[in-house]
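Analysis of the macromolecular model
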Amino acid sequence: MKIEIYRRAARGLGLVASLLLISAAAAASEAEDRFLIMELMDRYAVIHDFGTPEEYADLFTPDGEIGTRVKGRQALIETAKRDHERYSAPPGPDGKVSSIMRHVISGRIVKLTGKDTAEGSCYVITMINDKEQGPLVMSMSRYVDRYARTKDGWRIAHRDIVMESGNREIGKRFGFGR
């Protein structure tokens, strides 16, 4: 009789242990997905400032959007090309060209909304690298995003840029808002 009680208890504990392992694996997978999306947010800033137009478009789904004006891979590439033409700094001693802008990302929040979908937001401070006056804050904004998991990993499906505050003098001086 006692042996049967121990066997039943062991089976019950085995079931509980299995459920705990499944639950832990699901939590780890969700944490990994949120981490990968936050890394995508950070990568956007670096690639926007230093990457190629193609690398920029690769951050988005093939039909990715920014607001209501930029839709699809080709439009994203054209946007990045235009930004590179307008906001490139003179080549450095190593011959490399970079942007006069730096996008500083903080306050990242991600919510998984489905197995392959998520939404999130972050703050972005856009700095201008002014060689005469030093770093200047041009604007404070928020990115409000929807993400999709693709065969290549998490990508931005839609991004709204919510401008919260901007320095018009700096914007004019450096050619923004044309």
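Residues numbered from 1 in each chain as written. Predicted model: local features only at pLDDT ≥ 70, side-chain atom pairs only at ≥ 80, totals over all residues. Heavy atoms only, no water.

Our next topic: the environment of N129. For N129, the location among the structural elements is in strand β4 (residues 117-130). Sequence separation between N129 and I100 is 29 residues, and the spatial gap between their C-alpha atoms is 5.1 Å. Every residue in contact with N129, bar those within four places of it in the chain, is listed here: I100 and R102. (Helix = DSSP H or I, 4+ residues; strand = E, 2+ residues; numbered from the N terminus. Contact = heavy atoms within 4.5 Å.)

Bringing the pattern of salt bridges into the picture now. Taken as a whole and judged by the stated rule, the model has 12 salt bridges. Notably, a salt bridge pairs R43 with E39, separated by 3.8 Å at the nearest N-O pair. Of the two residues, R43 and E39 are both situated in helix α1 (residues 2-50); the distance of four residues between them amounts to about one turn of the helix. Given a relative accessible area of 30%, R43 falls into the partly exposed group. Given the relative accessible area of 35%, E39 is considered partly exposed. Each of D33, K115, D116 and R149 takes part in salt bridges that share partners, so that together they form one network. (Salt bridge = Lys/Arg side-chain N within 4 Å of Asp/Glu carboxyl O. Buried < 20%, exposed > 50% of the residue type's maximum accessible area, 1.4 Å probe, protein only.)

This part covers the confidence of the model for the chain. Chain-level statistics for the chain give a pLDDT mean of 85 and a share of 82% at 70 or above. Mean pLDDT across the elements of the chain ranges from a minimum in α1, with 73, to a maximum in strand β1 (residues 60-66), with 97. (pLDDT = per-residue confidence, 0-100.)

The next subject is the pairing of β1. Looking along a regular strand, one sees side chains alternate from face to face of the sheet. In this sheet, strand β6 (residues 153-166) lies alongside β1 in parallel orientation, the contact comprising three bridges. Its bridge partner lying in β6, E65 is registered against H158. In this structure, β1 lies alongside strand β2 (residues 70-71), joined through two bridges in antiparallel fashion. From the neighbouring strand, I66 faces β2, where its bridge partner is V70. (Pairing = 2+ DSSP bridges.)

Let us look at the pairing of strand β3 (residues 101-114). Relative to β4, β3 is paired through 11 bridges, and the arrangement is antiparallel. Opposite G114, over in β4, you have T117 as the bridge partner. Where β3 hands over to β4, the hairpin turn is made up of two residues, counted between the paired strands.

What follows deals with the nonpolar core. As a rule of thumb, nonpolar side chains are buried together in soluble globular proteins. Judged by nonpolar contacts, the single largest core of 24 residues is most densely connected at Y44, Y56, F60, L76, I105 and Y147. Breaking this core down by element, the ones donating at least two residues are α1, α2 (53-58), β1, α3 (73-87), β3, β4, β5 (134-150) and β6. The element best represented in this core is α1, accounting for six residues. Residue contacts for L76: discarding those within four places in its chain leaves Y56, A57, F60, G64, I66 and V70. Residues M101, I128, M138 and F174 belong to the second largest nonpolar core, which totals nine residues. (Core = buried A, V, L, I, M, F, W, Y, C linked by side-chain atoms within 4.5 Å.)

Within the open sheet, the six strands sit side by side as β2-β1-β6-β5-β4-β3. Their pairing is mixed. Two strands lie at the open edges of the sheet, namely β2 and β3, each paired on one side alone. Pairing between β4 and β5: 14 bridges, direction antiparallel. Residue pairing across strands places Y123 opposite R142, the latter belonging to β5.

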